[in-house]
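# Inside the fold
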Amino acid sequence: MVPALAWLTALMVVPCALVLALAFFRRGIYGGIEYTFTLENFGLVFDPLYAGIFLNSARIAGTATLIAVVIGYAAAYAIAAAPRRWQPVFLFFAVLPFWSNYLIRTYAWIVLLNREGLITQLLRWLGYTGEPPSMLYTEGAVIAGLVYNYLPFVILACYAPLSRLNPELAEASRDLGASAMTTFRRVILPLTVPGIAAGAVFVFVLSIGNFVTPALLGGGRFQMIGNLVYDQFLTANDWPFGAALAMALIAIMLLVLTAQALAADRASGRIAEAKGRVNG
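Residues numbered from 1 in each chain as written. Predicted model: local features only at pLDDT ≥ 70, side-chain atom pairs only at ≥ 80, totals over all residues. Heavy atoms only, no water.

### Focus: the overall build of the chain
To keep it simple, the criterion reads: Only DSSP runs of H or I with at least four residues qualify as helices, and only runs of E with at least two residues qualify as strands; both kinds are numbered from the N terminus onward. In this description, accessible areas are obtained by the Shrake-Rupley approach with a 1.4 Å probe, and a residue is regarded as covered only by the protein chains that are shown. Note on charges: Lys and Arg go in the positive column, Asp and Glu in the negative column, and His and the chain ends are not counted at all. To locate a charge, take atom NZ for lysine, CZ for arginine, CG for aspartate or CD for glutamate.
Of the regular secondary structure elements, the chain holds 13 helices and 2 strands. Its C-alpha atoms give the chain principal-axis dimensions of about 75 × 60 × 40 Å. Entry remark: accessible area of the chain is about 16,300 Å², with carbon and sulfur atoms responsible for 71%. In the chain, the 17 positive side-chain charges and the 13 negative ones have mean positions that sit 9 Å from each other.

This is the structure:
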C-alpha cells in the first residue's frame with residue numbers, strides 16, 4: 001500500500017494542507033499573502049453575502065441531484081429489466097458522453113439553447129413565430145447542464161444494485177398479492193437505496209463545486225461557490241479568503257460523504273437482517 005499512500009499524500013493531503021494553511025493568513029495590500037495569523041477569513045465565510053452563495057449553490061446542486069436521480073434511476077431500471085444481451089449495449093450508450101471532453105459537452109448546450117440555436121429553429125419549423133424563449137444564461141440552463149454531465153454516474157450507481165436483485169423477491173411479492181407499485185415501493189426501492197445514495201452524492205458533490213457550467217451556461221449571472229473560489233484566486237488575488245472558501249466547500253463535501261456512508265451502512269444492515277429472517 002506504500003506507493004498508493006505516497007501518491008495520495010503527495011497529490012491530495014499535502015495540497016489540501018497547504019490550502020488550509022493559507023486560510024489562516026491575510027491578503028497583502030497589493031495582493032499576495034501577508035504571513036500574519038488571523039481567523040478573519042473563516043469569519044467572512046459566514047457573512048450573509050457569501051453564506052447566501054453557499055445556500056444558492058446547495059439549492060442548484062440539490063435540484064440537479066433530484067432530477068438526475070429520478071431520470072437516472074428510471075434509465076437504470078429500464079436497462080436492468082432489458083434482456084441480458086442488450087444491457088451492455090444500453091450501458092455503452094449511457095456512458096458514451098464521457099468519451100468527449102466536459103467543455104465540449106457544455107458548449108453543445110450553448111448551441112442548443114441560444115436564441116438562434118437548434119431548439120429555436122425547431123420551434124420556428126413547427127410554426128412558432130413569437131419571440132424566441134430565453135433559455136441560455138438562466139438557472140434552468142445551468143441545472144440542465146449539470147444533470148446532463150453527471151447523469152451517467154447515477155445510471156451506473158443505480159444499475160449495479162438493480163442488476164443484482166434476485167427476481168424471485170419480486171415474484172414472491174406478487175404471489176402474496178402485492179401490486180406492481182407496492183412491490184416496487186416495499187421491495188425493490190429499499191434494496192437499491194445504497195445505489196441511489198451513491199449516485200446522488202456523486203451529482204451533488206460534483207455540482208456544488210462546479211464553476212465551468214455556471215460560467216458558460218449561466219453567463220456569470222448565477223454565481224456558485226466554485227465561481228467565487230475561482231474569482232478569489234485568479235481575479236481578486238485574495239488567496240487566503242479563497243482558501244477559506246475552498247476549505248468550507250471541502251467540509252460540506254465531507255459531511256455529505258459521511259452521511260451517505262452512514263446511510264449505506266444502515267441500509268446494508270437492514271438488507272442483511274431481512275435476508276436473515278427470510279433464510280431463517
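### Looking at the nonpolar core
Test applied: Residues grouped as a nonpolar core are buried Ala, Val, Leu, Ile, Met, Phe, Trp, Tyr and Cys residues, joined through side-chain atoms within 4.5 Å. Here the term buried applies to any residue with accessible area under 20% of the maximum for its type, exposed to any over 50%, and partly exposed to those in between, with areas from a 1.4 Å probe on protein chains only. Contact definition: two residues touch when any of their heavy atoms are within 4.5 Å.
Counting residues in each nonpolar core, the largest one holds 34 residues, and the members touching the most others are L146 and L217. Within the residue set of this core, elements represented by two or more residues are α3 (48-81), α4 (87-95), α5 (102-113), α7 (139-164), α10 (193-208) and α11 (212-217). The element contributing the most residues to this core is α7, with 12 residues. With residues up to four places along the chain from it excluded, the contact list for L146 reads I60, A64, Y102, S207, N210 and T213. Judged by nonpolar contacts, the second largest core, of 22 residues, contains L22, I53, I225 and A246.

### Focus: the UniProt feature "domain: ABC transmembrane type-1" (unreviewed entry) in the chain
Spelled out, the test is: UniProt positions are given in the numbering used here, feature names are shortened, and annotations may be inferred rather than shown by experiment.
Under the local residue numbering, the UniProt record ascribes the feature "domain: ABC transmembrane type-1" (unreviewed entry) to residues 54-262. Secondary structure across residues 54-262 divides into 77% helix and 0% strand, with the first and last C-alpha atoms of the span separated by 24 Å.

### Here we look at helix α8 (residues 167-175)
To be explicit about the condition: In protein, a polar contact means a hydrogen-donor-capable atom and an acceptor-capable atom, both N or O and within 3.5 Å, with residues adjacent in sequence counting only if both atoms are side-chain atoms; elsewhere, any N or O pair within 3.5 Å suffices.
The opening residue of α8 is N166, an N-cap whose side-chain oxygen sits 3.0 Å from the backbone nitrogen of E168. Trailing α8 by a residue or two, G177 shows a phi angle of about 100°, which is positive.

### Re the layout of surface pockets
Operational definition: Only protein atoms enter the 1 Å grid used here. Points where a 1.4 Å probe fits but cannot escape make up a cavity, open sets with protein on both sides within 12 Å along at least five of seven lines make up a pocket, and a residue lines them when an atom lies within 4 Å of a point. Grid points are joined across faces, edges and corners, and a volume is the space filled by probe spheres set on the points. The nonpolar class holds Ala, Val, Leu, Ile, Met, Phe, Trp, Tyr, Cys and Pro. Asp, Glu, Lys and Arg form the charged class, and all remaining residues, Gly among them, are polar.
By volume, the second largest pocket amounts to about 310 Å³. Considering the residues around the second largest pocket, the lining is formed by 14 residues, among which A80, L162, L165, P167 and I188 are closest to the centre. At the level of secondary structure, the elements contributing two or more residues to the lining of the second largest pocket comprise α3, α7, α8 and α9 (180-191). In terms of residue class, the lining of the second largest pocket is made up of 11 nonpolar, 2 polar and 1 charged.

### Some thoughts on α4
Note that an α-helix has 3.6 residues per turn; residues three or four places apart therefore point the same way. Our working definition: The arc in question is formed by the directions pointing from the helix axis toward the C-beta atoms.
Here α4 has its buried residues at Q87, L91, A94 and V95. Buried residues along α4 cover an arc of 85° about the axis, so they all sit on one side. For α4, the secondary structure elements touched by its buried residues are α3 and α7.

### Focus on the confidence of the model for the chain
Test applied: Think of pLDDT as the predictor's per-residue confidence, scored from 0 to 100.
Taken as a whole, the chain shows an average pLDDT of 87; of its residues, 95% reach a score of 70 or greater. The spread of mean pLDDT over the elements of the chain runs between helix α13 (residues 239-279), the lowest at 78, and α3, the highest at 93.

### Some thoughts on the UniProt feature "transmembrane region" (unreviewed entry) in the chain
UniProt marks residues 6-25, 37-55, 61-82, 89-110, 141-162, 183-208 and 239-263 with the feature "transmembrane region" (unreviewed entry), using the numbering shown here. A distance of 31 Å separates the end C-alpha atoms of residues 61-82, which is 95% helix and 0% strand. Helix makes up 100% of residues 141-162 and strand 0%, whereas the separation of the span's terminal C-alpha atoms amounts to 31 Å.

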